Amino acid sequence: SAVISQKPSRDICQRGTSLTIQCQVDSQVTMMFWYRQQPGQSLTLIATANQGSEATYESGFVIDKFPISRPNLTFSTLTVSNMSPEDSSIYLCSVGGTASAGANVLTFGAGSRLTVL
Amino acid sequence: AQSVTQPDIHITVSEGASLELRCNYSYGATPYLFWYVQSPGQGLQLLLKYFSGDTLVQGIKGFEAEFKRSQSSFNLRKPSVHWSDAAEYFCAVGDPNAGKSTFGDGTTLTVKP
């Protein structure tokens, strides 16, 4: 399965600032997703990162708050804009599997733990 | 819309005892079903998956799960729990067309010595 590197692994941010999280994959992947895991809660899908086009956002998430870039098949960024304490979460990059292994089989990065003060 | 329910928020078992974690799903067609484990300080790891075929699937670390269409369930089992199994377990249902998955709220497993 793919190996995913996320940066930063953790950060402490001030209210009102923005932070960009990077996700680098060691192989070309078709499907790439960004999830949020709030403290003590499950994973919620933010958006599907589409290569060469605008991301597809889930209900409750908007591009102005969570702009996503995906310039190629191995890299994506998620920006958390104008942060508030409610944005304190772990943000997870994930990729779908190969056709043989199952495109729906997700591999996850280690996550980026953001704390907003 | 697809959804997943894990009725048990927290389960405690003794080491060596058997384990069953419950998962119920809602999906309009034949689902893709998964169990993932998240250990403290570690990322999410796939335990097992069901796409089609045999309804009893084997996974890593001695886990298995059984798909029961009539009950819309995909319960995870292990005959003998080890202390290292203490973790958060997530059931998920996959959308074959979009590739994305919806996760349940998770079950925290504590293992007593």
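Preceding block: the structure.
Attention in this report is confined to the structure presented alongside it.

Cut-offs and rules
- Residues numbered from 1 in each chain as written.
- Chains lettered and ligands numbered in written order.
- Predicted model: local features only at pLDDT ≥ 70, side-chain atom pairs only at ≥ 80, totals over all residues.
- Heavy atoms only, no water.
- Helix = DSSP H or I, 4+ residues; strand = E, 2+ residues; numbered from the N terminus.
- Buried < 20%, exposed > 50% of the residue type's maximum accessible area, 1.4 Å probe, protein only.
- Contact = heavy atoms within 4.5 Å.
- Areas by Shrake-Rupley, 256 points an atom, 1.4 Å probe, with all protein chains shown as cover.
- Lys, Arg positive; Asp, Glu negative; His and termini not counted.
- Charge placed at Lys NZ, Arg CZ, Asp CG, Glu CD.
- Rg over C-alpha atoms; globule rule 2.2 N^0.38 Å.
- Pairing = 2+ DSSP bridges.
- Disulfide = S-S within 2.5 Å.
- 1 Å grid on protein atoms, 1.4 Å probe; cavity = no way out; pocket = protein on both sides within 12 Å on 5 of 7 lines; lining within 4 Å.
- Points joined across faces, edges and corners; volume = space filled by probe spheres on them.
- Nonpolar A, V, L, I, M, F, W, Y, C, P; charged D, E, K, R; others polar.

**Structural notes on the overall build of chain A**
Right, on to step 1. In terms of regular secondary structure, chain A is built from zero helices and 11 strands.
Right, on to step 2. In sequence order, chain A lays out its α and β elements as β-β-β-β-β-β-β-β-β-β-β.
Right, on to step 3. For chain A, the spread of C-alpha atoms along the principal axes amounts to about 45 × 25 × 25 Å.
Right, on to step 4. Across the 117 residues of chain A, 50% fall into the buried class.
Right, on to step 5. Considering only intrachain contacts with a sequence separation of at least 6, the fraction spanning at least 24 residues in chain A is 53%.
Right, on to step 6. Carbon and sulfur atoms form 49% of the exposed surface of chain A, whose accessible area is close to 5,500 Å².
Right, on to step 7. Distance from the positive charge centre (7 side chains) to the negative charge centre (7 side chains) of chain A: 7 Å.

**Description of the overall build of chain B**
Right, on to step 1. Summing up its helical and strand segments, chain B has zero helices and 12 strands in all.
Right, on to step 2. Going from the N terminus to the C terminus, chain B shows its helices and strands as β-β-β-β-β-β-β-β-β-β-β-β.
Right, on to step 3. Over its C-alpha atoms chain B spans a radius of gyration of 13 Å, differing by no more than 12% from the 13 Å that the globule rule assigns to 113 residues.
Right, on to step 4. Viewed in the frame of its principal axes, chain B has a C-alpha envelope of about 45 × 30 × 20 Å.
Right, on to step 5. Every one of the 113 residues in chain B was classed for burial, and the buried ones make up 45%.
Right, on to step 6. A separation threshold of at least 6 residues defines the contact pool for chain B, and within that pool the share at least 24 residues apart is 54%.
Right, on to step 7. As displayed, chain B offers around 5,400 Å² of accessible surface, 47% of which is attributable to carbon and sulfur atoms.

**Some thoughts on the pairing of strand S3 (residues 19–25) of chain A**
Residues and elements named next belong to chain A.
Right, on to step 1. Of the two faces of S3, the one lined by Leu19, Ile21, Cys23 and Val25 is fully buried and the one lined by Thr20, Gln22 and Gln24 carries no buried residue.
Right, on to step 2. Examined bridge by bridge, strand S1 (residues 4–7) and S3 share four bridges and lie antiparallel to one another. By the bridge assignment for S3, isoleucine 4 is matched with valine 25.

**Regarding the state of the cysteines**
Residue and element names in this part refer to chain A.
Right, on to step 1. If you walk through the whole model with that rule in mind, you get two disulfides over all chains.
Right, on to step 2. Between cysteine 23 and cysteine 93 runs a disulfide, and the two sulfur atoms are separated by 1.9 Å. The sign of the -65° torsion about the S-S bond sets the cysteine 23-cysteine 93 disulfide as left-handed. Taken together, the positions of cysteine 23 in strand S3 and cysteine 93 in strand S9 (residues 89–95) put the pair 70 residues apart, joining distant regions of the chain.
Right, on to step 3. A residue is classified by how much of its surface remains accessible, and cysteine 23, at 0% relative accessible area, is buried.
Right, on to step 4. Relative accessible area serves as the criterion here: at 0%, cysteine 93 is assigned to the buried category.
Right, on to step 5. No disulfide involves cysteine 13; its nearest neighbouring cysteine sulfur is the one of cysteine 23, lying 18 Å away.

**Quick notes on the layout of surface pockets**
Right, on to step 1. Each pocket or cavity is described by its volume, and for the largest pocket that value is around 550 Å³.
Right, on to step 2. Elements supplying a minimum of two residues to the lining of the largest pocket: S9 and strand S11 (112–116) of chain A together with strand S10 (87–94) of chain B.
Right, on to step 3. At four residues, the largest contribution of residues to the lining of the largest pocket is made by S11 of chain A.
Right, on to step 4. Tallied by class, the residues present in the lining of the largest pocket amount to nine nonpolar, 16 polar and three charged.

**Quick look at unusual backbone geometry**
Backbone geometry follows two general trends: most residues other than glycine have a negative phi, and most peptide bonds adopt the trans configuration.
Right, on to step 1. Put simply, lysine 7 of chain A and proline 8 of chain A share a cis peptide bond, and its omega is -5°.
Right, on to step 2. Residue position: proline 8 of chain A is located in the loop between S1 and strand S2 (10–13).
Right, on to step 3. Of note, asparagine 82 of chain A is a non-glycine position whose phi angle comes to about 45°, a positive value.
Right, on to step 4. In this model, serine 72 of chain B sits at a positive phi of 50°, which is unusual for a non-glycine residue.
Right, on to step 5. Following the sequence through the fold, serine 72 of chain B ends up in the loop between strand S8 (64–68) and strand S9 (73–78).

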